[in-house]
Amino acid sequence: FSLHLAADCNAVLKALQPIFQEQGMTETVHNWEDHGYLVTYIKKNGSFANLRIHPHGLVLVDLQSYNDDMKGREEVDQLLNKVEERMKELFHGNIKRVKRLPAILRGGVIDRYWPTADGRLVEYDIDEVVYDEDSPFQNIKILHSKQFGNILILSGDVNLAESDLAYTQAIMGSGKEDYTGKEVLILGGGDGGILYEIVKLKPKMVTMVASNIDQMVIDGCKKHMRKTCGDVLDNLKGECYQVLIEDCIPVLKRYAKEGRMFDYVINDLTAVPISTSPEEDSTWEFLRLILDLSMKVLKQDGKYFTQGNCINLTDALTLYEEQLSRLYCPVEFSKETVCVPSYMELWVFYTIWKKQTGI
């Protein structure tokens, strides 16, 4: 409750006490001069409530119920309704805002809560754990969402859902590129989504270099993310593609030494890091190494596509763009913002190309 006026903490406490006492809850009161009251109410079944009364006009009620069945939820709703009615009687028209937040379900068999890139907590409509395995390098989960289909989550980071064709299209150039007869290099992309979409466009050859840690990702996705990858992960070689389960850095160095060149390089390894203070041997150094090696195998008129980060992380995106000025060759870039359904946030994608220096 947010009030238009200062709160008489003692009056609020006396008004609400009977509601909790009727529930057979034991009361403990803490008060501080000029800082209001904290009152805890504990029930024999383990349920409890915290009542925090701030003198400047903010009253908070936090209920944690031991029972998460329908009866338990009804009891919580009834108690909150009584609290709201009593507060309206006490303050009449002086309540500025009443806000109820949905219950957070703690300790459930299925984890429904995952953070966005900019640190906001999102509750997904997860109803099934489809796949949950630990590789030597990361935890791999595939969870089912009623809205988004199966979602691939790597070490707590939401990667891709079956609903997220917008992501795949954006990192391929948003339908503006002609892949017919082209040589394409994909870095990462263990979910198979990019490979599946590009193969449809009749390229000459697509080489996907999934690092060693991605083998279990591939195994999980080819079984549980088929709306995303189709059948391209069933075999590591197809008519116009090959999948290499190798560290991409030695592969890039080898291709550069051999003089092998690509029309398109698509980096789907990792998002731009959030840190705004890059140091030696950091993820920023790794990203710049990948960029430099990619430019060495990219044709002069080729294009490099990559994801950036969420649009709210402006400092991280600016720092990434600064890295582009530090490559071995001059480059230019453009970017676009796309709504990726399961991310529940706008995402930035980059197109990078070698700067034409000829007259």
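Residues numbered from 1 in each chain as written. Predicted model: local features only at pLDDT ≥ 70, side-chain atom pairs only at ≥ 80, totals over all residues. Heavy atoms only, no water.

This is how it is decided: UniProt positions are given in the numbering used here, feature names are shortened, and annotations may be inferred rather than shown by experiment.
The protein is annotated in an unreviewed UniProt entry as Spermine synthase of Sylvia borin. For the protein, the Subunit (unreviewed entry) comment in UniProt is given as "Homodimer. Dimerization is mediated through the N-terminal domain and seems to be required for activity as deletion of the N-terminal domain causes complete loss of activity." You can read under Sequence similarities (unreviewed entry) in the UniProt record for the protein the words "Belongs to the spermidine/spermine synthase family."

### Looking at the overall build of the protein
In plain terms, the rule: Comment: elements are numbered from the N terminus, with helices defined as DSSP H or I runs of at least four residues and strands as E runs of at least two. Throughout, radius of gyration means the C-alpha value; the globule benchmark is 2.2 Å times the number of residues raised to the power 0.38. Type-normalised accessible area, obtained with a 1.4 Å probe on protein chains alone, sets the label of each residue: buried when under 20%, exposed when over 50%, and partly exposed for intermediate values. Contacts are residue-level and defined by heavy atoms, with any inter-residue pair within 4.5 Å sufficient. In short, Shrake-Rupley with a 1.4 Å probe defines the accessible areas, and a residue's cover is counted only from the protein chains shown. Positive charges come from Lys and Arg alone, negative charges from Asp and Glu alone, with His and the N- and C-terminal ends not counted. Note on charges: their place is set at NZ of Lys, CZ of Arg, CG of Asp or CD of Glu.
Scanning the protein for helices and strands turns up nine helices and 20 strands. Taking 21 Å as the expected radius of gyration for a compact globule of 359 residues, we find that the protein reaches 27 Å, considerably beyond that expectation. Based on the C-alpha atoms only, the size of the protein along its principal axes is roughly 80 × 45 × 35 Å. Residues counted as buried form 45% of the 359 residues belonging to the protein. Counting contacts in the protein only where the partners sit at least 6 residues apart, residues at least 24 apart contribute 59% of the total. For the protein, the exposed surface amounts to about 18600 Å²; the carbon and sulfur share of it is 50%. Distance from the positive charge centre (40 side chains) to the negative charge centre (53 side chains) of the protein: 2 Å.

### Quick look at the sheet that holds strand β13 (residues 183-188)
What counts here: In this description, strands pair whenever DSSP reports at least two bridges between them.
Read across the sheet, eight strands follow the order β15-β16-β14-β13-β17-β18-β20-β19 without closing on themselves; strand pairing throughout is mixed. A single partner strand is all that each edge strand has here, and the edge strands are β15 (237-238) and β19 (331-340). Direction of pairing for β15 relative to strand β16 (residues 241-245): antiparallel, over a ladder of two bridges. In the strand pairing of β16, Lys 237 is matched with Gln 242.

### Examining helix α5 (residues 215-224)
Every buried residue belonging to α5 is among Val 217, Ile 218, Gly 220, Cys 221 and His 224, and all of these are buried. Those residues of α5 hidden inside the fold are in contact with β9 (126-134), β10 (139-145), β11 (149-154), β14 (205-210), α6 (226-229) and β16.

### Section: the sheet that holds strand β12 (residues 157-161)
Note the cut-off: With axes taken as lines fitted to C-alpha atoms, and helix axes fitted only over the stretch in contact, angles between N-to-C directions fall between 0 and 180 degrees.
Taken together, four strands build an open sheet; the order of strands is β9-β10-β11-β12 and the sheet is antiparallel. The strands lining the two open edges of the sheet, one partner per strand, are β9 and β12. With direction set aside, neighbouring strand axes in the sheet form an average angle of 25 degrees. Inspection of the sheet shows β10 paired to β11 by six bridges, in the antiparallel sense. Directly across from His 144, in β11, lies its bridge partner Asn 150. Docked against the sheet, α5 engages β9, β10 and β11, running at close to 145 degrees with respect to β9.

### As for the pattern of salt bridges
Where side chains of opposite charge bring their charged atoms close, a pairing between them can arise. Here is the rule we go by: Here, a salt bridge means any side-chain nitrogen of Lys or Arg that lies within 4 Å of a carboxyl oxygen of Asp or Glu.
Enumeration over the complete set of coordinates arrives at 17 salt bridges. A salt bridge links Glu 123 to Arg 112; the nearest nitrogen and oxygen atoms lie 3.1 Å apart. Placement of Glu 123 in strand β8 (residues 121-123) and of Arg 112 in the loop between β6 (95-97) and β7 (113-115) is noted, with a sequence separation of 11 residues between them. When its relative accessible area of 34% is taken as the criterion, Glu 123 is described as partly exposed. Arg 254 serves as the salt-bridge partner of Glu 246, at 3.9 Å between the closest nitrogen and oxygen. Residue classification places Glu 246 among the partly exposed positions, given a relative accessible area of 30%. Take Arg 254: its relative accessible area is 33%, and that puts it in the partly exposed class. Where salt bridges share partners, they join Glu 84, Lys 88 and Arg 100 into one cluster.

### Details of the pairing of β16
With four of five residues buried, β16 is to be regarded as a mostly interior element. As judged from the five bridges shared by β14 and β16, these two strands associate in the parallel manner. Within the sheet, the bridge partner assigned to Ala 210 lies in β16 and is Ile 245. Hairpin connection of β15 to β16: two residues between the antiparallel strands.

### As for the nonpolar core
What counts here: Nonpolar core, defined: a set of buried Ala, Val, Leu, Ile, Met, Phe, Trp, Tyr and Cys residues in which side-chain atoms within 4.5 Å join the residues together.
If you look at the biggest cluster of nonpolar residues, it comprises 79 residues, and the most contacted ones within it are Leu 185, Ile 198, Ile 266, Tyr 304, Tyr 320 and Ile 352. With six residues, the single largest contributor to this core is helix α8 (residues 283-297). Apart from residues lying up to four places away in sequence, Leu 185 is in contact with Thr 207, Val 209, Leu 252, Tyr 255, Phe 262, Tyr 264, Val 265, Ile 266 and Val 297. Judged by nonpolar contacts, the second largest core, of 22 residues, contains Phe 1, Leu 13, Leu 51 and Met 87.

### Notes on the environment of Ile 104
Checked against the element boundaries, Ile 104 lands in the loop between β6 and β7. Overall, Ile 104 belongs to the partly exposed group, its relative accessible area being 46%. Sequence separation between Ile 104 and Trp 353 is 249 residues; the distance between their C-alpha atoms is 46 Å.

### Examining the domain arrangement of the protein
How we decide: An automatic or database domain assignment supplies the start and end points of every domain.
Once the domains are mapped, the protein shows domain 1 (2-97) and domain 2 (163-354). Using only C-alpha atoms to locate each centre, domain 1 and domain 2 end up separated by 52 Å.

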